[in-house]
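# Report on the structure
Residue strings, one per chain:
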Amino acid sequence: MNIGEAAKASGVSAKMIRHYESIALIAPTSRSDAGYRKYTDKDLHTLRFIKRARTLGFSLEQIKDLLSLWQDSHRASADVKTIAKAHVAELNKRILELTEMRDTLDHLASACAGDERPDCPILHGLSPHDSCVSRH
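Attention in this report is confined to the structure presented alongside it.

Attention shifts here to the packing of helix H1 (residues 3-10) against helix H3 (residues 41-55). Packed helix pairs are characterised by how far apart their axes lie and by the angle those axes make with each other. At a minimum axis distance of 9 Å, the contact between H1 and H3 shows a crossing angle of 50 degrees. Classified by the angle their axes make, H1 and H3 are oblique. H1 and H3 meet at a crossing whose hand is right-handed. On the side of H1, the interface is formed by Ala6, Ala9 and Ser10, while H3 contributes Leu44, Leu47, Arg48 and Lys51. Here the contact of H1 with H3 is built from residues that sort into four nonpolar, one polar and two charged.

Below, the discussion takes up the packing of aromatic side chains. Counted according to the given criterion, the structure contains one aromatic pair. Relative to Trp70, the ring of Phe49 lies with its centre 4.4 Å away and its plane at 20 degrees, an arrangement referred to as stacked. Highlighted residues: Phe49 in helix H3 and Trp70 in helix H4 (residues 60-70), separated in sequence by 21 residues. Residue Phe49 is classed as partly exposed on the basis of its relative accessible area, which comes to 22%. We classify Trp70 as partly exposed; its relative accessible area is 36%.

Any two side chains of opposite charge can pair if their charged atoms end up close together. With the rule as written, the count across this model stands at three salt bridges. We note a salt bridge from Asp115 to Arg117, for which the minimum N-O separation is 2.9 Å. Given the relative accessible area of 39%, Asp115 is considered partly exposed. The exposed category is assigned to Arg117, whose relative accessible area is 54%.

Of the residues making up helix H2 (residues 14-22), those classed as buried are Ala14, Ile17, Tyr20 and Glu21. All buried residues of H2 lie within an arc of 120 degrees about the axis, which places them on one face of the element. Opposite the packed face of H2, turned more than 90 degrees from it, sit the exposed residues Lys15 and Ser22. Those residues of H2 that are buried are in contact with H1, strand E1 (30-31), strand E2 (37-38), H3 and H4. Looking at the residues trailing H2, positive phi occurs at Ala24, about 65 degrees.

Another point: the packing of H3 against H4. Contact pair H3 / H4: the axes reach a minimum separation of 10 Å and the direction vectors enclose 135 degrees. Considered as vectors, H3 and H4 are oriented oblique to each other. Remark: the crossing between H3 and H4 carries right-handed chirality. Facing H3, whose interface residues are His45, Thr46, Phe49, Ile50, Ala53 and Arg54, H4 presents Leu60, Ile63, Leu66, Leu67 and Trp70. Broken down by class, the residue content of the contact of H3 with H4 amounts to eight nonpolar, two polar and one charged.

What counts and how
- Residues numbered from 1 in each chain as written.
- Predicted model: local features only at pLDDT ≥ 70, side-chain atom pairs only at ≥ 80, totals over all residues.
- Heavy atoms only, no water.
- Axes fitted to C-alpha atoms, helices over the stretch in contact; angles between N-to-C directions.
- Helix = DSSP H or I, 4+ residues; strand = E, 2+ residues; numbered from the N terminus.
- Parallel < 35°, antiparallel > 145°, perpendicular 65-115°, else oblique.
- Left-handed = near helix turned anticlockwise from the far one by under 90°.
- Contact = heavy atoms within 4.5 Å.
- Nonpolar A, V, L, I, M, F, W, Y, C, P; charged D, E, K, R; others polar.
- Phe/Tyr/Trp six-rings, centres within 6.5 Å; stacked < 30°, edge-to-face > 60°.
- Buried < 20%, exposed > 50% of the residue type's maximum accessible area, 1.4 Å probe, protein only.
- Salt bridge = Lys/Arg side-chain N within 4 Å of Asp/Glu carboxyl O.
- Arc of directions from axis to C-beta.

By themselves these figures say nothing about function.
Shown next, in the form of structure tokens:
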């Protein structure tokens, strides 16, 4: 199948398929006599694997490692688990950071009267040196 058909079947855009090929995340495909890329069922499985891994937030480097392990029938599942657990730790860190941001912004928004007065606790909270800033 051509790249458009592969994109439709895998759910990965043709642009991303070309990108993945350019960074060696997927192997270059064979070409037709007219120079069009030709994709196999194996290529589609790989593209779907990448799409699912991206959906779970794995980085391209992590996906490259996971693909290598996925294609290695002699892999140790411990190696796969190590990558997954490291990713979970990264996600937990990001969740904590996002939660702190949300809580801070929610607190600042709650302190704001939201009326016609120029005084704004949100802007005060965002300004690290509020006393040094001239007010207009």
